[in-house]
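So the chains spell out like this:
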Amino acid sequence: MGREEPEDRAHRAEISGSAAEVVQAGEVHGGVHFHGVPRPAGPTPRQLPGEARGFVNRQQEVDRLTQILTGDPEEPAAAGLLVLTGTAGVGKTSLALHWAHRVRDRFPDGQLYVNLCGYDPGPPVTAGQALDRFLRALGVPATGIPAGVEDRAALYRSLLADQRVLVLLDNAATPAQVRPLLPGTPASLAVVTSRSRLSGLVARDGAWRVPVDVLREADAVALLRKVTAGYRGQDETAELTELARLCARLPLALRIAAERAASRPHRRLTELIEDLRDESGLWDALTADNDEEADAVRTVFAWSYRALGEEAARLFRLLGLCPGGEFSDAAAAALAGASLGQARRLLDVLAGAHLLEHGADDRYRFHDLLRAYATDQAQRLESEADRLAALARLCRWYLRATDAAVAVLTPFAARAPLPEEALAVPPPRFPAERDALRWFAEERTALVAMTRLVAEHGLAEPAWRLAALLREFYQHRNMFDDWIDTARTGLAAARQLGDRAGEAESLTSLGVAYLQSGRLAESAQCHRSALELRRAGGDESGAARSVNSLGLLALRQRRLAEARARFERGLAAFEGLGERRWTAVLRANLAHACHESGAPEAANEYLTRALVDFADLGDQVGRGDALHLLAKVRRETGRLGEARAAIEAALDIARQAENQMWEAHWLLELARVQRAEGDAELALTSCRHAVTIQRQLGDHGREAEALDATGEAFRELGRPAEAVQFHQVAVVTQRRLGDRWQLARALDNLARAHAETEPPGESGPLWTEALAALADFGDPRAEALRARITARLAPGPGPTR
């Protein structure tokens, strides 16, 4: 890493380089200001789906949208929010896509798209889920996505600041679903489609509403002619007009009717019209704005559905059971109990009839109205036993696929064995980690919904097993919403089943999620319950893992003697069981406890042995964490060259894995090594990078540690006034989080920075508060800090302010 020189040292806390990545402390009142968040390098998102074939006219609406946008193609959008409203099936999405493709050149920084599923039979896409997808598309790695919706929205707006991006939010139900997804700057544009008028967006957010009505008669006839062109002779205009009337001039119904006519070129159109007139509605009215339109839509659906062959009709019905409106061909095959080739053939039939849309690669999706119709047909025509059997087949496929993906991403994870029925399912192939990650990204929403769906239908064992497997994906990426949701579902399912082993696995997953998200009391309760269940069931390996989890909890709370004792018990158990990888993990954890307890020799010995095992096993995750700890030990014993080599090797592992959670945390140790080597300015660069990542991650505790370390670097540079501002934010955050050890350290640093300013600031009360925070800690590090603070408070020459 090269040295970066500060600009205007006396007045600025800014390092040269990318200005967007700089943490600048100006006048701070309770916070440090971040000037921009860098947009990660990567391809520009181009997420707009393709246009529908045979789009007709809508010139009036297109002109209105363009008029609202701007009259000058060189200028940014005049309005930041457009809302297209209209009844179900009226063509809002087709119009939005048609127009968006024509103006996308005005938004060179990308186009984002999400179907919010506001009117689907299943749960809608939440703002948090949509933000997760957008942040990934904008180049933020999984570990860089914050846990909370507000933090995600803030990062999203920061990334879009000064960018010109088009955001299409399709099928929104409520303003609350939309607001966190708005870019926040006039340079970008959000386009929303909804059956609701979304009056709140107009009144509060300044949206422009563009109503979308049914097609005019001439346009409806033109659409029918376009879709049937090349398949039929010249049909009479009067007959096409009657067909358009029966479809209520709704584009969705018109396309399906036209496809039916095109597939029967030798039948007279009058015969098809009579069939349509005779078709009676088979399902309850949908949420449409008037009954005539709803009747027309469901009549056309029933008419087209009845024309399907038996196999295609059955697959259509069963697809209504899928947990979400989008699925892969392999999932469809599992649901139907068919081969992949058979499923693909039938999916092509459904897509050709406009009953499904074929997306990218092997993906298919439903229009929400058609999904509702398919679900209704499944409820009517499939027995409960057949529906449950289909769901069980689909869940077995998801279990097998998830297990295969986890095996690629975390090969050393302690995964519960799959049931024999799932093992009989051919697994998908994931040649590399990127393939497994792409599959998880595509199926993420479906996996959460699948876990919930099978649990609701009484399939308890697959529910808890799928939730337990998903932990291995979530825990390295801070996906707390999905993780806690699925773990709770799995726990309830295991308890319903009376499966003690499943209950222990589910409790462990939930306990780790709570620990990583800072909910320590709930974590302790989960891990203690899991330990009791495992001991009662004679599961020695599982009990040792629970002991390790409780040790990590004690370490997090700085109960070091308890942590060390638990790790020692866990180590003895794993050595006795001959589990080499877990033995290495416990040695690394013991090293951490020894290091914090002021026993560097013991820590060094444990780490040396753990690193040999991790290297032999090829476990890069364990090796990276051990190298980070080794760097601490070597630095504190004065072996700076070895410390630098260790931390740089750890950071290489984090970057190769694209894991920003590890990188940000380990960067602080690199900064400490750099300071120990006398290069405080380079340390400041490392701290700055760590703070930026931690803010993106939404890990407030570690962000505060990084801010505190930034202040220490400023102090070593002889800039205590700037250091004060960073230490102040760290103190405020640690007070709020209740981490007394980190609070005591931050208070001491703030007091020392105040004492070095001209004129000196008030240090005494800060040191007094720090002593109170240290009251419950008796380890050597705490005693040394307490002694240093006490000495500073003792009467003597010079101020103690």
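Look up a bit, the structure's there.
What comes next concerns the included structure. Since the structure is predicted, the reported quantities are computational estimates derived from the model, not experimental observations. (Residues numbered from 1 in each chain as written. Predicted model: local features only at pLDDT ≥ 70, side-chain atom pairs only at ≥ 80, totals over all residues. Heavy atoms only, no water.)

## Quick notes on the overall build of the protein chain
So, point 1. Helix and strand counts for the protein chain stand at 35 helices and 10 strands.
So, point 2. With respect to the three principal axes, the spread of C-alpha positions in the protein chain is 105 × 65 × 40 Å.
So, point 3. Here the protein chain holds 801 residues, and 57% of them are scored as buried.
So, point 4. Expressed as a percentage of contacts within the protein chain between residues at least 6 apart in sequence, the contacts between residues at least 24 apart total 67%. (Helix = DSSP H or I, 4+ residues; strand = E, 2+ residues; numbered from the N terminus. Buried < 20%, exposed > 50% of the residue type's maximum accessible area, 1.4 Å probe, protein only. Contact = heavy atoms within 4.5 Å.)

## Thoughts on the environment of Leu 335
So, point 1. Position of Leu 335 among the secondary structure elements: in helix α13 (residues 329-336).
So, point 2. What makes Leu 335 buried here is its relative accessible area of 0%.
So, point 3. Spatially, the C-alpha atom of Leu 335 lies 8.6 Å from that of Trp 397, the residues being 62 residues apart in sequence.
So, point 4. Setting aside anything within four residues of it in sequence, one finds Leu 335 in contact with Leu 318, Leu 319, Cys 322, Ala 390, Arg 393 and Leu 394.

## Thoughts on the sheet that holds strand β10 (residues 363-365)
So, point 1. Read from one edge to the other, the open sheet built from 3 strands follows the order β8-β10-β9, with strand pairing classed as antiparallel. Every interior strand has two partners, whereas the edge strands, β8 (326-328) and β9 (357-358), have only one.
So, point 2. Sheet topology places β9 next to β10; 2 bridges connect them, and they run antiparallel. Note on β10: the bridge partner recorded for Glu 357 is Arg 365.
So, point 3. Where α13 meets the sheet, its contacts fall on β8 and β10, and the angle it forms with β8 comes to roughly 85°. (Pairing = 2+ DSSP bridges. Axes fitted to C-alpha atoms, helices over the stretch in contact; angles between N-to-C directions.)

## Some thoughts on the packing of helix α20 (residues 480-497) against helix α21 (residues 500-516)
When two helices pack together, their arrangement is captured by the angle between the axes and the distance separating the axes.
So, point 1. Across the interface, α20 lies against α21 with an axial gap of 8 Å and an inter-helix angle of 155°. Here α21 runs roughly antiparallel to α20, going by the angle between their axes. In this structure, α20 crosses over α21, and the sense of that crossing is left-handed. Facing α20, whose interface residues are Phe 480, Trp 483, Ile 484, Ala 487, Arg 488, Gly 490, Leu 491, Ala 494 and Arg 495, α21 presents Gly 502, Glu 503, Ser 506, Leu 507, Ser 509, Leu 510, Val 512, Ala 513, Tyr 514 and Gln 516.
So, point 2. Residue classes in the contact of α20 with α21 are distributed as 11 nonpolar, 5 polar and 3 charged. (Parallel < 35°, antiparallel > 145°, perpendicular 65-115°, else oblique. Left-handed = near helix turned anticlockwise from the far one by under 90°. Nonpolar A, V, L, I, M, F, W, Y, C, P; charged D, E, K, R; others polar.)

## Examining unusual backbone geometry
So, point 1. Residue Pro 759 is reached from Glu 758 by a cis peptide bond, and omega for that bond is -5°.
So, point 2. Positive phi, normally seen in glycine, also occurs at Ala 248, with a value near 55°.
So, point 3. Mapped onto the secondary structure, Ala 248 falls in the loop between α8 (237-246) and α9 (251-262).
So, point 4. One non-glycine residue, Arg 558, adopts positive backbone phi at about 60°.
So, point 5. Here Arg 558 shows up in the loop between α23 (540-556) and α24 (560-577).
So, point 6. Residue class for Arg 558 comes out buried when judged on its relative accessible area of 9%.

## Considering the sheet that holds strand β7 (residues 208-211)
Sheets are built from strands that pair by backbone hydrogen bonding, the pairs being arranged parallel or antiparallel.
So, point 1. Spatial strand order, β4-β5-β6-β3-β7: 5 strands in an open sheet with parallel pairing. Each edge of the open sheet carries a strand with a single partner, namely β4 (111-115) and β7. Taken over all neighbouring pairs, the strand axes of this sheet differ in orientation by 15° on average, direction set aside.
So, point 2. Here 4 bridges tie strand β5 (residues 166-170) to strand β6 (residues 189-194), and the two strands are oriented parallel to one another. Note on β6: the bridge partner recorded for Val 167 is Ala 190.
So, point 3. The sheet strands contacting helix α3 (residues 127-137) are β4 and β5, and the helix crosses β4 at an angle near 150°.

## What to know about the pattern of salt bridges
So, point 1. Inspection of every chain in the model, using the stated rule, returns 57 salt bridges.
So, point 2. Salt-bridge contacts for Asp 329 lead to Arg 344; the nearest nitrogen and oxygen are separated by 2.8 Å. With Asp 329 in helix α13 and Arg 344 in helix α14 (residues 340-352), this pair connects stretches of sequence that are 15 residues apart.
So, point 3. The exposure class of Arg 344 is partly exposed, given its relative accessible area of 39%.
So, point 4. One network of salt bridges, with partners in common, ties together Arg 471, Glu 472, Glu 505, Arg 534 and Arg 545. (Salt bridge = Lys/Arg side-chain N within 4 Å of Asp/Glu carboxyl O.)

## Side note on the packing of helix α31 (residues 700-716) against helix α33 (residues 740-756)
So, point 1. One can describe the packing of α31 onto α33 by two numbers: an axis separation of 10 Å at closest approach and a directional angle of 25°. For the element pair α31 / α33, the angle class is roughly parallel. Pair α31 / α33 crosses with left-handed handedness. Between α31 and α33, the residues in contact are Glu 705, Asp 708, Glu 712 and Arg 715 and Gln 742, Arg 745, Ala 746, Asn 749, Arg 752, Ala 753 and Glu 756, respectively.
So, point 2. Its residues assigned to classes, the contact of α31 with α33 comprises 2 nonpolar, 2 polar and 7 charged.

## So, the pairing of β6
So, point 1. Counted residue by residue, β6 has 6 buried out of 6 residues, so it is predominantly covered.
So, point 2. The side-chain alternation of β6 yields two buried faces, one formed by Leu 189, Val 191 and Thr 193 and the other by Ala 190, Val 192 and Ser 194.

## So, the packing of aromatic side chains
So, point 1. Counted by the stated rule, this structure contains 19 aromatic pairs.
So, point 2. Seen in terms of ring centroids, Phe 316 and Phe 366 are 5.8 Å apart; in terms of plane orientation they differ by 80°. Their pairing is edge-to-face. Here Phe 366 lies in the loop between β10 and α15 (368-381) and Phe 316 lies in helix α12 (residues 310-319), a separation of 50 residues in the sequence. With respect to class, Phe 316 is no different from Phe 366; both count as buried.
So, point 3. Ring pairing ties together the aromatic residues Trp 397, Tyr 398, Phe 430, Trp 439, Phe 440, Phe 473 and Tyr 474, which thus form one cluster.
So, point 4. The ring of Trp 741 has Arg 558 lying over it, and the distance from NZ or CZ to the ring centre is 3.8 Å.
So, point 5. Directly above the aromatic system of Trp 582 lies the positively charged group of Arg 581, at a separation of 5.6 Å from the ring centroid. (Phe/Tyr/Trp six-rings, centres within 6.5 Å; stacked < 30°, edge-to-face > 60°. Lys NZ or Arg CZ within 6 Å of the ring centre and 35° of its normal.)

## Let's talk about the nonpolar core
So, point 1. One finds Phe 316 and Leu 319 to be the most contacted residues of the largest nonpolar core, which totals 139 residues.
So, point 2. When residues of this core are assigned to their parent elements, the largest contribution, 13 residues, is made by helix α16 (residues 384-409).
So, point 3. Non-local contacts of Leu 319, meaning those with residues more than four positions away in its chain, are made with Phe 327, Ala 332, Leu 335, Leu 347, Leu 350, Leu 356 and Phe 366.
So, point 4. Leu 630, Ala 631, Ala 671 and Ile 693 belong to the second-largest nonpolar core, a separate cluster that totals 81 residues. (Core = buried A, V, L, I, M, F, W, Y, C linked by side-chain atoms within 4.5 Å.)

## Quick notes on the environment of Arg 488
So, point 1. As for its position among the elements, Arg 488 is in helix α20.
So, point 2. By relative accessible area, which is 44% here, Arg 488 ends up partly exposed.
So, point 3. Put simply, Arg 488 and Leu 507 are 19 residues apart on the chain and 8.4 Å apart in space, counted from C-alpha to C-alpha.

## Here we look at α13
So, point 1. With 7 of its 8 residues buried, α13 lies for the most part within the structure.
So, point 2. Listed in full, the buried residues belonging to α13 are Asp 329, Ala 331, Ala 332, Ala 333, Ala 334, Leu 335 and Ala 336.
So, point 3. Where the residues of α13 are buried, they touch α12, β8, α14, β10 and α16.
So, point 4. Just beyond α13, the residue with positive phi is Gly 337, at close to 70°.

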